[in-house]
2 protein chains.
Amino acid sequence: MNILVDAMGGDNAPYAIVKGCVDAMNERDGFSVTFIGDEEQIREVLSKEKYDSGRVTIKHTTQIVMNEDVPTKAVREKKDSSMVVGFRMLKAGEGDVFVSAGSSGGLLVGATTIVKRLKNIDRPCLGSVLPTKNGRMILVDSGLNISCPPERYVNYARLGSAYMKALFGTEKPTVGLVNVGSEEEKGPDAIKEANALFKESSLNYIGYLEGKDVFECKADVIVTDGFTGNVMLKLIEGTAKFMFSEIKNVLYTNLKTKIGALFLKKDLYRFKDKMDPDLNGGAPILGVNGLVIKTHGSSNAKTVKHVIIKACDLASSSFLEDIRLNFEQL
Amino acid sequence: MNILVDAMGGDNAPYAIVKGCVDAMNERDGFSVTFIGDEEQIREVLSKEKYDSGRVTIKHTTQIVMNEDVPTKAVREKKDSSMVVGFRMLKAGEGDVFVSAGSSGGLLVGATTIVKRLKNIDRPCLGSVLPTKNGRMILVDSGLNISCPPERYVNYARLGSAYMKALFGTEKPTVGLVNVGSEEEKGPDAIKEANALFKESSLNYIGYLEGKDVFECKADVIVTDGFTGNVMLKLIEGTAKFMFSEIKNVLYTNLKTKIGALFLKKDLYRFKDKMDPDLNGGAPILGVNGLVIKTHGSSNAKTVKHVIIKACDLASSSFLEDIRLNFEQL
């Protein structure tokens, strides 16, 4: 298995990207990495790390798709960018999966125009896995597309359901649509129209979900537009981070709490890991003819390490084939 | 001071509403309550409670504005509903503040058509107070309006800033606009246009905020449309509830953690209260000529009690006058 890595995407590239990949290789066998980006900068990071050089290749590129770029224009014109070259290498079969922390817009355009959409897919979306009381749920679209006409919600739900089944074996995952209330007449027109389309669909649709229901395990797949989904994903991260920092303050309030902390630390840290976005980062672009994983722009080496391990797991599963089959039957 | 209470609004009315008000009266002096709703049902709840009957009056009404109603039609036609009568009594000066857990749509229409908007206000909005590391922040619009043209974000921010100043004395509160990234070119067109309008305004605007920045104390006033705001508010509630339930599980894992819990319980509960939506519920409708407080439809007696106490505090402050002055100067 070979993992294609956009070494130049994200706020902390290339350092965090290259370091994260090296850490993943040192923890997990059975895969190699092709770093795509500025060879000199990549070698500079590698020179300070210990790793099996037989597992690493570098594809030198001279350009970078930036967040400030107009995505369509950048993908068309920056032919020697790490992102565009990565997409082309994936398309050509030079790797099993492509991982990038680069611009969402660039990734959407590259995935759609180079890797190409699956049959019957209007727009790909991002599927993010979140913890729940009893297991895991999937949020789609967690931030790939801004606009969302009614029928697109249903497509997101199909992709999310296929992803849920591929990851966790869930047959007929339950699907909930994010809205501001549980009553039929609540919310924007597009949501109400989507609600009607869901009811006619073969999906296991359970109706509207409010923000407070997300963690109540009411639905396996939470569907929303990419704007709301991105805000939700990052708000969960932010709320969890805030709460852990406040709880840490509680633990260090006084001698009594410090003693209590000694007894609890290990178990609290285990729960903290469950909520840690660095350990749970990386979302596949669902709905394209190849395995593309986006990790957020601010990813650090720890995030990248875990994303690479997740990429290995997904690339060795039948995930992509499952989603494809699911959609060809439509 | 007299508090007008819609006794029939919300999922748990009239019981939770009446009980919550009685509990508030038993904790706090200096105000009376007028319950508006079905007299027999209200008396039924009151008959089981201990309270000073001299502080309670009942205004009998025969109708209820339901969540299923079309708000404009309901407010126009249900003239003897607890909500419409409440708005009319507030307008006529028969109370200092009107509290309701009824339909958001009904409250928006009633506030706009009966109590009337302040000069220069296009649409009122809901302002919700949230905890932060160092204090409090305000989220506007936390759920009154679904749609949001660019200039409305700026109006929400003015209202939120005036509310922040009135509640906490913050001069020139910082304002952040919710978006999916921090770069200028990110997000939907309406947000980008609002961003340009904010930069021309006299507000203390700091730019875009992502979901993860909300608790980082970057802005005193967090501005978003009512759909996103409602999802955010309830998602914070849901995330906090989920995390406390998981932490509770950690505390009861084994003998060791149970011992730790004994040392920490009191301090953890104090933090839990800070995040408890029941203790922090109730949001004023900002931008109208009167003090109207909405509490969420699922409010229980504990929520209502704290909302009534907050209503007393707001009614005895110069909050309404401050907001009015702020806007007349425009």
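Report on the accompanying structure. None of these values were measured; they are calculated from a predicted model.

Quick look at the overall build of chain A
Argument step 1. Secondary structure summary: chain A contains 12 helices and 11 strands in total.
Argument step 2. Over its C-alpha trace chain A gives a radius of gyration of 20 Å, about what one expects of a compact globule, namely 20 Å for 330 residues.
Argument step 3. C-alpha extents for chain A along the principal axes are approximately 60 × 60 × 35 Å.
Argument step 4. The proportion of buried residues among the 330 residues of chain A is 58%.

Section: the packing of helix 9 (residues 255-275) of chain A against helix 8 (residues 226-251) of chain B
Argument step 1. Two elements in contact, helix 9 of chain A and helix 8 of chain B, have axes whose closest approach is 9 Å; the angle formed by their N-to-C orientations is 150 degrees. Here helix 9 of chain A and helix 8 of chain B pass one another in a crossing that is right-handed. Every residue of helix 8 of chain B that contacts helix 9 of chain A at A:L264, A:D267, A:L268, A:F271, A:K274 and A:M275 is listed here: B:F242, B:M243, B:E246, B:I247, B:V250 and B:L251.

Things to note about the pattern of salt bridges
Residue and element names in this part refer to chain A.
Argument step 1. Across all of its chains, the model carries 42 salt bridges over all chains by this definition.
Argument step 2. We note a salt bridge from E49 to K19, for which the minimum N-O separation is 3.6 Å. Residue E49 is located in the loop between helix 2 (39-46) and strand 3 (56-60), and its partner K19 is located in helix 1 (residues 15-27); the two are separated by 30 residues in the primary sequence. Each member of the pair E49 and K19 is classed as buried.
Argument step 3. Between K218 and D213 there is a salt bridge, with the nearest N and O atoms lying 3.2 Å from each other.
Argument step 4. Relative accessible area serves as the criterion here: at 43%, K218 is assigned to the partly exposed category.
Argument step 5. Through salt bridges with shared partners, a single network forms among K19, D23 and E49.

As for the relation of the copies chain B and chain A
Argument step 1. For the pair chain B and chain A, the superposition axis carries a translation of 0.0 Å, the fit reaches an RMSD of 0.0 Å, and the rotation angle comes to 180 degrees. Interpreted geometrically, this transformation is the action of a two-fold axis. Minimal C-alpha separation from the rotation axis in chain B is found for B:G260, amounting to 2.0 Å.
Argument step 2. Mapped onto chain A, 100% of the interface residues of chain B are again interface residues, and the two copies thus contact each other with one and the same surface.

So, the sheet that holds strand 4 (residues 97-100) of chain A
All names here are of chain A.
Argument step 1. One open sheet accounts for 11 strands, arranged 3-2-1-4-11-10-5-6-9-7-8; its pairing is mixed. If you trace the sheet from one side to the other, it starts and ends with strand 3 and strand 8 (204-209), each paired once. On average, adjacent strands in this sheet sit at an angle of 30 degrees to one another, irrespective of strand direction.
Argument step 2. Where strand 10 (residues 283-286) and strand 11 (residues 292-294) come together, 2 bridges link them in antiparallel fashion.

Concerning the interface of chain B and chain A
Argument step 1. Every contact between the two is made by 59 residues of chain B and, on the other side, 59 residues of chain A.
Argument step 2. Together chain B and chain A conceal approximately 5,200 Å² of surface at their shared face, both sides included; 75% is due to carbon and sulfur atoms.
Argument step 3. For A:K234, the salt bridge is made with B:E210, and the minimal N-O distance between the two is 2.2 Å.
Argument step 4. Run the count over chain B and chain A and you get 10 residue pairs in polar contact (both at pLDDT 80 or more).
Argument step 5. Looking at the side of chain B that touches chain A, the elements with two or more residues in it are helix 8 and helix 9 (255-275) of chain B.
Argument step 6. If one sorts the elements of the side of chain B that touches chain A by residue count, helix 8 of chain B sits on top with 22 residues.
Argument step 7. Among the residues making up the side of chain B that touches chain A, the classes are represented as 28 nonpolar, 15 polar and 16 charged.

Description of the sheet that holds strand 4 (residues 97-100) of chain B
In sheet architecture, strand pairing relies on hydrogen bonds along the backbone and comes in two forms, parallel and antiparallel.
All names here are of chain B.
Argument step 1. As summarised here, the arrangement of the 11 strands in space is 3-2-1-4-11-10-5-6-9-7-8, forming an open sheet in which the pairing is mixed. The open sheet has two free edges, formed respectively by strand 3 (56-60) and strand 8 (204-209), since each of these has just one partner strand. Averaged over all adjacent pairs, the angle separating strand axes in this sheet is 30 degrees, with direction ignored.
Argument step 2. Of the pairings in the sheet, the one linking strand 7 (residues 174-178) to strand 9 (residues 221-223) comprises 3 bridges and is parallel in character. Its bridge partner lying in strand 9, G176 is registered against I222.

Looking at the nonpolar core
Argument step 1. Judged by nonpolar contacts, the single largest core of 174 residues is most densely connected at A:F35, A:F198, A:V223, B:F35, B:F198 and B:V223.
Argument step 2. Sequence-distant contacts of B:F198, that is, excluding residues within four places in its chain, are made with B:Y153, B:V154, B:A157, B:V175, B:L177, B:L203, B:Y205 and B:V223.

Concerning the side chain of A:K310
Residues and elements named next belong to chain A.
Argument step 1. Relative to the helices and strands, K310 resides in helix 11 (residues 301-315).
Argument step 2. At 3.0 Å, the side chain of K310 forms a polar contact with the backbone oxygen of G282.
Argument step 3. K310 has contacts with N280, G281 and G282, leaving out every residue within four places of it along the chain.

Topic: the side chain of A:R55
Residue and element names in this part refer to chain A.
Argument step 1. In this structure, R55 sits in the loop between helix 2 and strand 3.
Argument step 2. By relative accessible area, R55 is classed as buried at 13%.
Argument step 3. For R55, the side chain forms a polar contact with the main-chain oxygen of F31, separated by 2.8 Å.
Argument step 4. Beyond its immediate sequence surroundings of up to four residues, R55 is in contact with M25, R28, D29, G30, F31, S32 and V33.

Brief notes about the environment of A:M89
Argument step 1. For A:M89, the location among the structural elements is in helix 4 (residues 82-91).
Argument step 2. A C-alpha to C-alpha distance of 9.8 Å links A:M89 and A:V115, two positions 26 residues apart in sequence.

Digging into the environment of B:V307
Argument step 1. With respect to the helices and strands, B:V307 occurs in helix 11 (residues 301-315).
Argument step 2. A residue is classified by how much of its surface remains accessible, and B:V307, at 1% relative accessible area, is buried.

What to know about helix 5 (residues 104-116) of chain B
Residue and element names in this part refer to chain B.
Argument step 1. The sharpest bend along helix 5 comes to roughly 25 degrees, located at G110.
Argument step 2. Most of helix 5 sits out of view: 10 of its 13 residues are buried.
Argument step 3. Inspection of helix 5 places S104, G106, L107, L108, V109, G110, A111, T112, I114 and V115 among the buried residues, and these make up the whole buried set.
Argument step 4. The elements touched by buried residues of helix 5 are helix 3 (71-77), helix 4 (82-91), strand 4, strand 10 (283-286) and strand 11 (292-294).

What counts and how
- Residues numbered from 1 in each chain as written.
- Chains lettered and ligands numbered in written order.
- Predicted model: local features only at pLDDT ≥ 70, side-chain atom pairs only at ≥ 80, totals over all residues.
- Heavy atoms only, no water.
- Helix = DSSP H or I, 4+ residues; strand = E, 2+ residues; numbered from the N terminus.
- Rg over C-alpha atoms; globule rule 2.2 N^0.38 Å.
- Buried < 20%, exposed > 50% of the residue type's maximum accessible area, 1.4 Å probe, protein only.
- Axes fitted to C-alpha atoms, helices over the stretch in contact; angles between N-to-C directions.
- Left-handed = near helix turned anticlockwise from the far one by under 90°.
- Contact = heavy atoms within 4.5 Å.
- Salt bridge = Lys/Arg side-chain N within 4 Å of Asp/Glu carboxyl O.
- Least-squares fit on C-alpha atoms with pLDDT ≥ 70 in both.
- Pairing = 2+ DSSP bridges.
- Buried area = accessible area lost by both parts, 1.4 Å probe.
- Polar contact = N/O pair within 3.5 Å; in protein donor to acceptor, adjacent residues only side chain to side chain.
- Nonpolar A, V, L, I, M, F, W, Y, C, P; charged D, E, K, R; others polar.
- Core = buried A, V, L, I, M, F, W, Y, C linked by side-chain atoms within 4.5 Å.
- Bend = angle between axes of the 7 residues up to and from the residue.

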